[in-house]
Amino acid sequence: MTNNNTWLDQLTQNADVATVLLAGLPQTADMWYSVIANEPRLRVVARAVAREDLHAKLAANPQILLLDALLAQGPQDLADLLNGLQVPLIYVVFPAQIPDADFHAVQAAMRRDGVKFYRDTANLVDLVRTMVTDAQMLQRQNGASWSAELSGARQVLPVRLVGVWSLAGGVGKTTIASNLAFAAARRGIPTLLVGMGAPDDLPLILGLKPQPNITTWRANPSQESLKAALQKRDVVDVLAGFPDMLSAAQAISTPPDAANSLRNLADQAIRLGYAAIVFDLPPSMESVAALGVINLLLLVARPSVEGVMRTVEGYRTVVERLGLENLLHPQNLRVVLNRVRDRIDSKSFHDLANRYLKPNNPQAAFPPVSVSIPDRLEVGQAHDRGDWPYLACDPLARAMDTLATELFGGASQPPVGDNGTKRLRIKLPF
Ligand SMILES: Nc1ncnc2c1ncn2[C@@H]1O[C@H](COP(=O)(O)OP(=O)(O)OP(=O)(O)O)[C@@H](O)[C@H]1O
Ligand SMILES: [Mg+2]
């Protein structure tokens with residue numbers, strides 16, 4: 001467990017990470033922490049749970065303060081507090097019980113820049129992104145660089161929104177998404193597996209019903225309806241994907257700020273307490289919205305020359321064409337090689353991909369191959385029987401465990417019971 005000093009030491013070594021002080025009632029601060037912890041460009045340095053605590057914790061000299069308005073004694077107190085703080089970027093969240101009039105009064109009383117106000121219903125994924133963008137702007141203004149590699153040691157249970165994707169069909173996306181979700185859930189991480197196919201084959205493969213599914217939630221996009229739309233296979237909670245192409249086509253045209261957008265789905269899943277949300281993404285347009293929501297992308301690849309080409313194209317689609325490089329940190333892009341035989345190994349795959357990506361650039365930085373999964377008959381046989389390939393194929397299980405440790409942290413644990421609690425178990429590093 002890291003102590004305060006080590007954290008501060010790390011910070012001074014790493015000028016490219018914006019430091020955050022969380023100030024809020026414990027439950028709120030825990031939730032914020034779980035969302036911020038997966039963002040390599042933000043580092044939570046301290047947490048204050050009471051008004052009196054705040055001033056002491058400000059000694060950590062954070063660049064960002066995320067403040068729960070309930071910590072103040074009222075609108076006047078809050079306005080005075082904010083006007084007096086030196087922290088350059090402040091985000092204040094007002095819980096529902098604070099009346100609109102107070103919400104507006106505090107904003108009207110601001111005598112400084114750099115303070116943004118949110119209602120409790122604000123989208124958490126967006127809020128974190130806004131912080132990163134604002135902090136980047138600030139760093140640029142202050143002349144600091146933002147490009148250096150990150151020290152990146154992962155601390156605790158961050159919320160991971162993982163997309164498993166490839167431009168190619170049949171490469172093992174569903175196999176990897178579902179077995180990774182299984183590996184994560186087995187180690188006690190509250191995990192949600194979301195299908196995005198149209199028609200989605202997850203229910204069939206996992207022996208679940210095609211309904212309820214994502215369209216059930218989209219018709220009534222509330223947290224309650226999300227809970228009702230889930231099905232369970234062993235330890236994994238599953239939201240089945242689209243029943244047909246038409247419903248998927250409607251989803252594609254949903255604006256990102258609509259109540260039934262995927263962004264809102266992710267936000268609600270986080271609020272329900274999921275720490276790992278794994279999207280099984282098809283190689284079609286349905287994936288574009290999801291690619292804008294995830295904070296970690298696994299590119300599934302076949303170990304062949306065509307596999308290299310398709311994977312580099314997938315990478316380009318995300319980084320260059322969809323312009324998501326600001327949302328997805330390079331550290332959060334990985335390659336999973338699947339169905340490996342005696343052809344191309346991880347190193348040759350990576351070398352070929354770099355050459356294909358930038359033929360004249362020896363410094364090209366294609367994402368690393370995280371794990372390689374061999375081609376094994378047991379995988380398909382387990383699927384056909386309706387079993388988890390994880391339980392039938394050791395090399396696949398080992399690869400999924402390695403990936404789960406890399407992405408979610410923690411050692412392998414015995415599975416949680418059927419009613420495994422969905423509360424986040426967060427170990428705060430202070
Ligand atoms: N490592 C493996 N060894 C052997 N068979 C595998 C392996 N991984 C996946 N398969 C088999 O390959 C087939 C395709 O896998 P899967 O459905 O996961 O691919 P996909 O990328 O999701 O396909 P789609 O593009 O249709 O969604 C399945 O029959 C599965 O059992
Ligand atoms: Mg699939």
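For clarity, every value in this text was computed on a predicted model and none was experimentally measured. (Residues numbered from 1 in each chain as written. Chains lettered and ligands numbered in written order. Predicted model: local features only at pLDDT ≥ 70, side-chain atom pairs only at ≥ 80, totals over all residues. Heavy atoms only, no water.)

Colleague: Would you explain the overall build of the chain in this entry?
Modeller: The helix and strand inventory of the chain stands at 18 helices and 13 strands. The buried share of the chain, reckoned over its 430 residues, is 56%. Sequence separation of 24 or more characterises 78% of the internal contacts of the chain that already satisfy a separation of 6 or more. Summed over all atoms, the accessible surface of the chain reaches about 18600 Å², with 52% contributed by carbon and sulfur. (Helix = DSSP H or I, 4+ residues; strand = E, 2+ residues; numbered from the N terminus. Buried < 20%, exposed > 50% of the residue type's maximum accessible area, 1.4 Å probe, protein only. Contact = heavy atoms within 4.5 Å. Areas by Shrake-Rupley, 256 points an atom, 1.4 Å probe, with all protein chains shown as cover.)

Colleague: Please explain unusual backbone geometry as it appears in this structure.
Modeller: Put simply, A198 and P199 share a cis peptide bond, and its omega is -5 degrees. Assignment of secondary structure puts P199 in the loop between β7 (191-195) and α8 (202-206). Between Q211 and P212 the backbone carries a cis peptide bond, its omega angle lying at 0 degrees. Checked against the element boundaries, P212 lands in the loop between α8 and α9 (214-219). With phi around 50 degrees, D234 is a residue other than glycine that occupies positive phi space. A relative accessible area of 37% places D234 in the partly exposed class.

Colleague: Quick question: what am I supposed to make of the nonpolar core here?
Modeller: Where a protein is soluble and globular, its nonpolar side chains tend to be buried together. Within the largest apolar cluster, 73 residues are counted, with the highest numbers of intra-cluster contacts made by F279 and F349. With eight residues, helix α6 (residues 124-141) is the single largest residue contributor to this core. Both domains that meet at this core, namely domain 1 (4-141) and domain 2 (160-408), each give it at least three residues. Residues within four places of F279 in sequence aside, it is in contact with L161, V162, G163, V164, V194, M196, L262, L265 and I294. The next biggest cluster of nonpolar side chains, apart from the first, holds 41 residues, and it includes A168, L180, L298 and V300. (Core = buried A, V, L, I, M, F, W, Y, C linked by side-chain atoms within 4.5 Å. Domains from an automatic or database assignment.)

Colleague: Just checking my understanding: could you explain the pairing of strand β2 (residues 42-48) for this structure?
Modeller: If a strand is regular, its side chains alternate between the two faces of the sheet. Judged by how many residues are buried, β2 sits mostly within the fold: seven of seven residues are covered. Summarising the sheet, strand β1 (residues 18-23) and β2 pair through six bridges and their orientation is parallel. Considered in β2, the bridge of L22 is made with R47. The β-α-β motif built from β1, the intervening helix α2 (residues 26-36) and the parallel element β2 has right-handed crossover chirality. (Pairing = 2+ DSSP bridges. Right-handed = clockwise from strand over helix to strand, strands pointing away.)

Colleague: What exactly am I supposed to notice about the sheet that holds strand β4 (residues 89-94) here?
Modeller: Within a sheet, each strand pairs with its neighbour through backbone hydrogen bonds, oriented either parallel or antiparallel. One open sheet accounts for five strands, arranged β2-β1-β3-β4-β5; its pairing is parallel. The open sheet has two edge strands with one neighbour each: β2 and β5 (115-119). With strand direction ignored, the average angle separating the axes of adjacent strands in the sheet is 20 degrees. Two elements, β1 and strand β3 (residues 64-68), share four bridges in a ladder whose sense is parallel. (Axes fitted to C-alpha atoms, helices over the stretch in contact; angles between N-to-C directions.)

Colleague: Any chance you could explain helix α14 (residues 305-321) here in plain terms?
Modeller: In an α-helix, one full turn covers 3.6 residues, which means residues spaced three or four apart are oriented alike. When the terminal C-alpha atoms of α14 are compared, their 22 Å separation across 17 residues agrees well with the 24 Å that a helix rising 1.5 Å per residue should span. Considering only its buried residues, α14 is in contact with β6 (160-165), α13 (286-291), β11 (296-301), β12 (333-340) and α15 (346-357). (Expected span 1.5 Å × (residues − 1).)

Colleague: I would appreciate a short explanation of the site of ligand 1 in the present structure.
Modeller: Of all residues adjacent to ligand 1, which total 16 residues, the nearest are G170, K173, T174, T175 and H383. Between ligand 1 and G172 there is a distance of 2.9 Å, counted from an oxygen atom to a backbone nitrogen or oxygen. T174 is positioned with one of its side-chain polar atoms (N or O) 2.8 Å from an oxygen atom of ligand 1. Relative to its unbound accessible area of 630 Å², ligand 1 is 78% covered by the protein chains. Grouping the constituent residues of the shell around ligand 1 by class yields four nonpolar, eight polar and four charged. (Near = heavy atom within 4 Å. Polar contact = N/O pair within 3.5 Å; in protein donor to acceptor, adjacent residues only side chain to side chain. Nonpolar A, V, L, I, M, F, W, Y, C, P; charged D, E, K, R; others polar.)

Colleague: Explain the confidence of the model for the chain to me, please; I cannot follow it from the model alone.
Modeller: Where the model shows low pLDDT, its predicted coordinates should not be examined in detail. The predicted model of the chain has a mean per-residue pLDDT of 84, with 86% of residues at 70 or higher. Counting interchain partners and residues more than four positions distant, the pLDDT-below-50 stretch residues 1-14 has 24 contacts. When the criterion is pLDDT under 50, residues 412-430 qualifies, and its contacts beyond four places in sequence or with other chains add up to 49 contacts. (pLDDT = per-residue confidence, 0-100.)

Colleague: Would you mind showing me how to read the packing of α14 against α15 here?
Modeller: Geometrically, a packed helix pair is captured by the angle between its two axes and the distance between the axes. At their nearest, the axes of α14 and α15 sit 9 Å apart, and the two run at 55 degrees to each other. On the basis of the axis angle, α14 is oblique to α15. Relative to α15, the crossing made by α14 is right-handed. In this structure, α14 uses G307, V308, M309, T311, V312, E313, Y315 and R316 to contact α15, whose residues at the interface are F349, L352, A353, Y356 and L357. Considering only residue class, the contact of α14 with α15 consists of nine nonpolar, two polar and two charged. (Parallel < 35°, antiparallel > 145°, perpendicular 65-115°, else oblique. Left-handed = near helix turned anticlockwise from the far one by under 90°.)

Colleague: I tried to follow the pattern of salt bridges on my own but got confused; where do I start?
Modeller: Should their charged atoms come close, side chains of opposite charge can pair. In this structure the tally under the stated criterion is 19 salt bridges. Between K57 and D53 there is a salt bridge whose closest N-O contact spans 3.5 Å. Remark: D53 and K57 occur in helix α3 (residues 51-57); sequence separation between them is four residues, near one turn of the helix. Of the residues examined, D53 reaches a relative accessible area of 22% and is grouped as partly exposed. Residue D375 is joined to R339 by a salt bridge in which the shortest nitrogen-to-oxygen separation is 3.0 Å. Remark: R339 occurs in strand β12 and D375 occurs in the loop between β13 (369-374) and α16 (377-385); sequence separation between them is 36 residues. Taken together, the salt bridges that share partners define one network made up of R339, R341 and D375. (Salt bridge = Lys/Arg side-chain N within 4 Å of Asp/Glu carboxyl O.)

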